[in-house]
Amino acid sequence: MDKHQVLKQYFGYDSFREGQEFFVDKILSGQDVLGIMPTGAGKSLCFQIPALMMDGITLVISPLISLMKDQVGSLNQAGIHAAYLNSSLTAGQYSKALGFARQGRYPIIYVAPERLLTEEFLNFALNVNIKMVAVDEAHCVSQWGQDFRPSYLKIVEFIRQLPTRPVVAAFTATATKEVRDDIIDILELQEPAVLTTGFDRKNLYFGVASPKDRYHAVQNYVETHPDDSGIIYCLTRKAVEDVWQRLRQAGVMVTRYHAGLSDEERRRNQDDFIYDRAPVMVATNAFGMGIDKSNVRYVLHYGMPKNIESYYQEAGRAGRDGEPAECILFYNGQDVITNQFFIDHNEDNQELDPITRQIVMERDRDRLKRMTFYCFTNDCLRDYVLRYFGEYGSNFCGNCQNCITQFEEVDITKAATALLGCVSTSGQRYGVNVIIDTVHGANTAKIRQYQMNRNPYYAAAADVPVYRLRKIINELMIRELLIVTNDEYAVVKLTKDAARFLECSETIVMKMAKELERPLKEKTEKKAKKSMAGSSLLTETDQDLFEQLRALRLELAREEKIPPYLIFSDKTLLSMCVIKPKDKVKMLSVSGVGTFKYEKYGEKFLACINNYLS
Ligand code: ADP
Ligand code: MG
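Residues numbered from 1 in each chain as written. Chains lettered and ligands numbered in written order. Predicted model: local features only at pLDDT ≥ 70, side-chain atom pairs only at ≥ 80, totals over all residues. Heavy atoms only, no water.

## A look at the nonpolar core
Across soluble globular proteins, you tend to see nonpolar side chains buried next to one another.
Then, in step 1: Ranked by size, the top nonpolar core spans 171 residues in total, and within it Phe121, Phe158, Tyr374 and Phe605 carry the most contacts.
Then, in step 2: The residues contacting phenylalanine 605, other than those within four sequence positions of it, are Leu549, Leu552, Arg553, Leu556, Ile567, Phe568, Leu573, Met576 and Met587.
Then, in step 3: One finds Tyr205, Val218, Ile232 and Leu300 within the second-largest nonpolar core, a separate group that totals 23 residues. (Core = buried A, V, L, I, M, F, W, Y, C linked by side-chain atoms within 4.5 Å. Buried < 20%, exposed > 50% of the residue type's maximum accessible area, 1.4 Å probe, protein only. Contact = heavy atoms within 4.5 Å.)

If you want it as structure tokens, here you go:
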């Protein structure tokens with residue numbers, strides 16, 4: 001079989017996605033590779049397809065049990081013999097799996113990095129023909145990355161012991177230069193073919209909102225998307241508990257995940273989410289790596305993550321099936337302080353020497369700043385992220401909140417002067433709220449206590465609403481006229497440029513949304529009318545077919561005790577609704593229906609469609 005046949009027969013796909021063919025070819029020609037592709041781009045096939053075409057064994061190193069389980073499950077579903085070796089197996093199961101592996105039963109074996117140097121595993125590995133070592137989530141080797149795993153450092157030691165050096169193929173979604181260099185150095189990749197594919201995920205809609213009542217905004221979103229599966233990320237365990245509790249009381253089928261729960265409960269909750277028993281997950285960032293659930297329709301952030309890398313990775317868990325999905329960040333000024341605290345108290349950094357620690361902390365602060373500006377910017381949000389990763393777009397994507405919002409140019413000189421003047425005349429000692437309240441002319445106890453009602457700029461911008469003053473402060477930060485200090489009091493201070501600005505009082509114009517918060521709400525309401533993103537392509541009657549196919553899938557999944565999406569993805573079901581195949585040949589033309597899956601499920605789905613058509 002050639003690569004196209006493997007793609008079609010096993011996986012049911014007609015064409016490769018960007019980058020896939022490149023990696024398949026390089027690996028087959030014996031060259032090491034490093035692939036940097038965003039979440040959901042299809043990294044797995046890059047090593048699975050050559051693995052099936054080579055005559056030896058491919059070992060896949062993966063950091064998490066759930067990830068291995070998912071991938072092996074999906075290979076098995078495609079009719080491929082694959083197995084995993086990790087601590088979730090009993091000693092008996094482990095030896096048995098190794099026995100089969102020795103007999104050459106599995107072309108692909110997933111193994112936890114901790115296992116590699118154990119006697120039993122080495123004994124196996126040194127006596128079989130290992131053709132490739134594929135390192136998934138390869139950024140785990142780097143201390144600069146988010147998810148450093150010391151056990152990943154064992155990979156190279158393991159490879160060195162093998163009698164013949166296999167091809168080493170590394171894949172990750174994290175693209176920064178430090179991490180990329182680390183992967184190449186630490187894994188000792190030999191003249192690797194490196195390719196970074198576009199980071200853009202066109203099917204994802206991006207939005208930012210700072211609602212007064214953040215919780216209600218989230219609940220409203222969830223309730224207007226009742227049939228969709230989604231993830232709500234919170235910054236702290238406490239917030240997870242809170243949001244989870246309240247959504248549960250509101251009658252949402254919701255589960256939760258954070259490091260404070262027992263292993264047992266985490267596993268159970270994760271399964272409930274994956275199997276769609278609880279389609280909404282509230283979690284800290286501990287949740288996600290290894291979640292390949294393809295039909296996540298939205299990722300909400302209840303709080304701003306610490307950097308764009310984290311945000312894009314978490315948001316990227318939406319819409320892996322390529323269907324439309326939404327990523328909305330609910331921002332609040334307090335988030336910066338919370339993240340600052342995390343940076344200052346990062347336990348991972350405690351082990352570093354003082355100089356490195358200082359560098360790491362400064363880098364983290366800078367990243368936090370750039371994350372914060374994402375929440376403030378009026379430019380294309382997608383472009384902002386892509387530029388962060390070094391890609392340049394058109395500055396208009398048409399599928400983010402800023403691109404669909406109508407802006408107007410507003411002269412903010414007067415308000416800006418008042419804000420800067422107020423900071424200056426009050427000795428640069430107060431936080432954002434006091435400054436805003438002062439120029440707005442609020443008559444609160446706090447303002448009187450600080451005697452800010454005697455400040456020369458008191459009520460100088462009384463006609464500008466508070467939310468606009470907040471936007472203006474944000475704008476002044478982006479323009480580096482103001483900074484907010486990083487200590488626990490978060491005091492507003494002037495930069496050198498601010499002094500210059502106050503002296504020559506030039507005009508400042510900024511883009512402001514004509515009507516605030518509207519676009520998001522409108523979109524939410526519009527979307528609530530249809531039950532699923534993507535199904536908008538369907539007529540109302542086809543919608544019924546889609547529901548029937550979904551129900552059939554769920555029934556089969558329950559029987560087999562596997563997640564529904566391992567049978568067919570939403571995207572595949574949608575294609576079935578459009579194509580309405582009546583026979584085997586037509587059914588096999590549906591993207592995502594391979595030969596093996598057809599044998600297993602094809603007729604049941606054909607029957608369902610025929611039944612529906614008659
Ligand atoms: P990654 O590891 O890069 O995050 P995965 O390998 O898990 O992504 O793939 C994401 C989804 O894309 C999976 O559902 C997979 O089946 C699908 N996919 C991969 N390659 C293709 C392709 N060539 N055509 C259609 N779908 C694909
Ligand atoms: Mg992957």
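That shown, we press on.
## Digging into helix α4 (residues 65–77)
Then, in step 1: Compared with an ideal rise of 1.5 Å per residue, which puts 13 residues at 18 Å, α4 spans 18 Å between its outermost C-alpha atoms and is within 8% of the ideal.
Then, in step 2: Here α4 has its buried residues at Leu67, Met68, Asp70, Gln71, Val72, Gly73, Leu75 and Gln77.
Then, in step 3: Phi turns positive one or two residues past the end of α4, at glycine 79, with a value near 85°. (Helix = DSSP H or I, 4+ residues; strand = E, 2+ residues; numbered from the N terminus. Expected span 1.5 Å × (residues − 1).)

## A short note on helix α15 (residues 354–376)
Then, in step 1: Over its 23 residues, α15 extends 33 Å from the first C-alpha to the last, a length consistent with the 33 Å expected when each residue adds 1.5 Å.
Then, in step 2: For α15, every residue scored as buried is listed here: Val360, Met361, Arg363, Asp364, Arg367, Leu368, Met371, Thr372, Phe373, Tyr374, Cys375 and Phe376.

## What to know about the site of ligand 1
Then, in step 1: Taken together, the neighbourhood of ligand 1 is formed by 15 residues, with Tyr13, Gln20, Gly40, Lys43 and Ser44 sitting nearest.
Then, in step 2: In the model, an oxygen atom of ligand 1 is placed 3.5 Å from a nitrogen or oxygen of the alanine 41 main chain.
Then, in step 3: The separation between an oxygen atom of ligand 1 and a polar side-chain atom of serine 44 is 2.6 Å.
Then, in step 4: In isolation ligand 1 exposes 570 Å². Once the protein is present, 83% of that is buried.
Then, in step 5: No other element matches the 3 residues that helix α3 (residues 43–53) contributes to the shell around ligand 1. (Near = heavy atom within 4 Å. Polar contact = N/O pair within 3.5 Å; in protein donor to acceptor, adjacent residues only side chain to side chain. Areas by Shrake-Rupley, 256 points an atom, 1.4 Å probe, with all protein chains shown as cover.)

## Remarks on the pairing of strand β4 (residues 108–111)
Then, in step 1: Of the two faces of β4, both are covered, the one formed by Ile108 and Tyr110 as well as the one formed by Ile109 and Val111.
Then, in step 2: As judged from the 4 bridges shared by strand β2 (residues 57–61) and β4, these two strands associate in the parallel manner. Bridge pairing in β4 links threonine 58 to isoleucine 108.
Then, in step 3: Relative to β4, strand β3 (residues 82–85) runs parallel, the two sharing 4 bridges. (Pairing = 2+ DSSP bridges.)

## Focus: the side chain of threonine 58
Then, in step 1: When you line up the elements, threonine 58 lands in strand β2.
Then, in step 2: Excluding residues that lie within four positions of it along the chain, threonine 58 makes contacts with Ala51, Pro107, Ile108, Ile109, Met132 and Ala134.

These figures capture arrangement, not role.
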